[in-house]
Amino acid sequence: MPLPRQSSTGPCVVLTLALVLFAVTELSAQTTLPSVISDVQPKMVKIYGAGGIRGLESYQSGFLISEEGHILTAWSYVLDTDYVTAVLDDGRKFKAETVGADPRSDIAVLKIDIQGAPHFSLPDASSVGQTGDRVLAFSNLYGIAAGNEPSSVLHGHISAKTDLKARKGVFETTYNGPVYVLDAMTNNAGAAGGALTDFQGNLLGMLGKELLNSQTNTWLNFALPITDLKPRVDDILAGRVRRDEAAQRPRPADHHSLQRLGIVLIPNVLVKTPPFVEKIDTGSPAASQGLQPDDLVLFVGPNMVQSRNEMIEELSYIDRLDAVKLTVLRDQELIEFELISQD
Amino acid sequence: MMRHSFLTCSLALLSTTVVFAEETLQSLEQAALRAAAARVAPSVVQIEAIGGLERIGKTLVGDGPTTGLIVSADGLIISSAFGLAQNPNSILVTLPDGKRKPAKIVSRDNSRMLVLLQVDTDVDLPVPEAAPVEKMQVGEWTLALGRTFSASEVNLSVGILSAKDRIWGTAIQTDAKISPGNYGGPLVDIQGRVLGVLAPLSPDIELYTADGKRIDANLTSGNEWYDSGIGFAVPLEHIFSRLDQLKKQELFKGRLGIAIKETGVGGPAEIATVRKKSPAADAGLQPGDVIIRANDQEITRKLQLRHALGPLYGGDTLRLLVKRGAEELELTPTLLDSLPKYVQPFLGILPERQAEGVVIRWVYPGGPAAEAGLLPGDRLLQLNESDVEGADQLRNSVSSLDIEDEAQLKYIRNGSEANTIARLSPLPEAIPTNLPPAKSPAGEAPAAQTGLIEIKIPEEAGNCFAYVPENYDARKSYGLLVYLPPAGEVKAETIRDEWKAICESQDLILLLPEPATPTRWEPSDEAFIRKTIDESIKLFSIGENRVVVHGYQGGGAMAYLTGFKHRDLVRGIVAVDAGVPLRIGTPEIDPINRLAILTAASEGSKLYSRINGNVEQLREIGFPVTVLELGSEPRPLAAADRIEIARWIDALDRI
């Protein structure tokens, strides 16, 4: 960056400074963090409904997504009442009607009677956050804001983009799509339905519910990417009900099993007995490919199997006509086998 | 003309720069963070553990993937012991090229909760650059990387360096979110150099896990701080410097074998006792020596010594400069992984509490003093030719000796001096069957408030009552019995009624703190209990050798937790129908901060076998453990049991 040189900078420095000041004042409305936040706040909604007993909070968060007062929020017990109230950041209070919900993606769309509401435009597929991006999370976590108080803002980064795999019960949630994992304490009571934006205030996602990661036994902070939610929202707004496509892993009618492959595992003595091979039936597919007693099966196809039961379940997803790929550990060496059913 | 256009041009540039300054700064920072992560990412591996335990104590150990960091081109990988705490049947490492490899545990650094793994590799693996600890600055950017959400992409959280020299000089601290999601992964600076390896460390150092395994750090407790803004990493520079050693052997925290005199937090590092057959004894350290330098660190306060010793391993040689009288000596003990078992030696007397010097109140029948012919009323003048100044000093001196050692004693009886020799024995576990009452001073007791008194701790909301017996005499020394009831049964009056008569006859003050959550004790209540004890010591005349925490069932577990945590304060634990909480493990013997344990249980208790296991383990470590059998059917304490317990407390200032 070229800077004026010392010898001739008397008046020049003054002028420069003046210009600098002018520029900052002039443009701060668009670029500074406080201005980004104050632009987002009028789009946020505090939602009150059912709950209030047994530690279930009766409030959550949401945000406006249309001029006519559509609100995107989390699908939860809070909405399970005829009297859902939405409070805007200026303190105006509205009765909210449920337009529709998609319990599988854990979202609901509400509507309040308003015109010309400040709102987020649901972005197209290009609005995607990357790992390491700095983000802002707006929500009414712990119900701290009331009346005309604006939502709480937290800042952090996208830690990871991952899928909430429902398969092994890692997360107890019906939503099993992609999420942004965040490094801020965003997902506390009342935060569900809040907005995740980038540092320019562009909508990136909706904050999810409180969720325990059973894999690491820790609470997870995350948001659902708005690009994945948009088709669902569009469906709700259009009154379309989507089928639960691919909610369940398809299990072929005629599938593989240990018996068919000729594998006998050691008996189930623990909650998670590892899939050690006890015996291989002579003449079986496993025998012909060379599996041996004491082999430890680690993967069925691409999926890790931690226990005997998981291996049995994995095999049940593979059509009998397809080959079964097993990765086993034998004397500290990984060996792959491809087994084909004979009958 | 030239000058003019230059000026215009630079002005234009400047204003543009400023216009976008904030955005640019943000995007530059973001780009720098990404670049830093990308530089280290190839050295960050995913580790999957298969099989093994799912629970360590009460902590559910996730069997999800954990993270490791490549530390040598030929396949050495360092990780946190946390992710591998379940003793997996097998371990798989996914290398940066996506290849899964079986891995073996090569070694462990027990003092820092690290595990060293080895995978076979045909190609050289990328080893990250370590940032020098010297150059690290508190406040600099830190990125915590893990590879747990996906094997193909690292997850990251961002923060700053919060502190250096934490956990007794073994770790650096960050406010980035540290959790099982990145334990074992690197903490990275903005230049993409590795500051340290993330691990759930805790300043509480423990010796044994619940299943009896020797460790130096708490296996799971550091994890309670996950995502809290407090996270720790072991400097990679340190790991590199010890890698060759670690490859060859497991590393433990180095032990010296001294106890430092209790002189308040700011006191000098004056040695109170030297453990026999310890590195300190072999190097010639003596009680009374003041340590003034350890390696290159000047020591003026005793905590500095703890910091200087904290990072050292067994096998390390320590250069000490000590002051002995007017002399300064340089001594070089070589630390050990563990010290020979220490058993507290015992002379076999109870001292009078009101006396000048040490006058014998009672002689243990059949004990060393009895064998040596000592009698109640004898005043001890010298032990091994050193003057006896008072009971505490004599107790410490005896602690420096060994059982079976001969103690030469000079004493005075009926005005004439005499000498004898006592052969020391271990501290007894049996409760004396009968004790003479402690002497009362002559004259009227000064006026004092008695009965149930509310103890208020200014910054705490919790309730606490003390029961001060009606015959309280502030000139006497009282035992403090802290009673922790089982969950949901807090009624100060009931407990007072049970103990009232005993408090009066046995010089006891009863302290009744209540849990923050009325229904149960939480581990965090320990801090409140401590404050109530501190306050009681200020308010009443408490003999500090007779502070005892006593609990029934859940309160008993809490008594263990409190007693183990506050060794400087608690001298006895009485646990009724309660085991040592699985999560906390058991501490070391400390010759100065003595701790005796009394357990009471019935055969019908669900915990009976676990309690027996605890007793065995505590005795193995060297604690004196008194067992009170409560018969076959589970029951709470009866009046007769309370009298026994009171007598046990009365004898805790034994020497």
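## Thoughts on helix α8 (residues 492-506) of chain B
All names here are of chain B. Between its first and last C-alpha, α8 extends 20 Å over 15 residues, near the 21 Å set by a 1.5 Å rise per residue. Of all the bends in α8, the largest measures some 50° and sits at Trp499. The first or second residue beyond α8 is Asp507, which carries a positive phi of 55°.

## Overview of the domain arrangement of chain B
Accessible area lost during the coming together of the parts is what is often quoted as the interface size. All names here are of chain B. Structurally, chain B comprises domain 1 (40-248), domain 2 (258-331), domain 3 (346-426) and domain 4 (451-650). Taken together, the 4 residues of domain 1 in the interface contact 5 residues of domain 2. Residue classes in the side of domain 1 that touches domain 2 are distributed as 1 nonpolar, 3 polar and no charged.

## Digging into the pairing of strand β3 (residues 70-74) of chain A
Residues and elements named next belong to chain A. Of all 5 residues making up β3, 5 are buried, and the element is well covered by its neighbours. Here 3 bridges tie strand β2 (residues 59-64) to β3, and the two strands are oriented antiparallel to one another. Its bridge partner being in β3, Phe63 is matched across the sheet by Leu72. Counting the residues that bridge the hairpin from β2 to β3 gives 5 residues, and of these Gly69 lies at a positive phi of roughly 95°.

## Observations regarding the environment of A:Ser151
Residues and elements named next belong to chain A. Examined against the element boundaries, Ser151 turns out to sit in the loop between β7 (134-139) and β8 (152-163). Sequence-wise, Ser151 and Asn140 are 11 residues apart; in three dimensions their C-alpha atoms are separated by 5.0 Å. Apart from residues no more than four positions distant in its own chain, Ser151 is found in contact with Gln41, Met44, Ser61, Phe138, Ser139, Asn140, Ala145 and Gly194.

## What about the nonpolar core?
Residues and elements named next belong to chain B. Ranked by internal contacts, the top residues of the largest apolar core, which has 103 residues, are Ile77, Val93, Leu143, Val197, Ala199 and Ala233. The contacts of Ala233, once residues within four sequence positions are left out, are Ala171, Ile172, Thr174, Leu187, Leu195, Gly196, Val197, Leu198 and Ala199. In this structure, Ile349, Val363, Leu511 and Ala651 belong to the second largest nonpolar core, which totals 80 residues.

What counts and how
Residues numbered from 1 in each chain as written. Chains lettered and ligands numbered in written order. Predicted model: local features only at pLDDT ≥ 70, side-chain atom pairs only at ≥ 80, totals over all residues. Helix = DSSP H or I, 4+ residues; strand = E, 2+ residues; numbered from the N terminus. Expected span 1.5 Å × (residues − 1). Bend = angle between axes of the 7 residues up to and from the residue. Domains from an automatic or database assignment. Contact = placed C-beta atoms within 7 Å. Nonpolar A, V, L, I, M, F, W, Y, C, P; charged D, E, K, R; others polar. Buried ≥ 20, exposed ≤ 12 C-beta atoms within 10 Å, placed from the backbone. Pairing = 2+ DSSP bridges. Core = buried A, V, L, I, M, F, W, Y, C linked by C-beta atoms within 7 Å.

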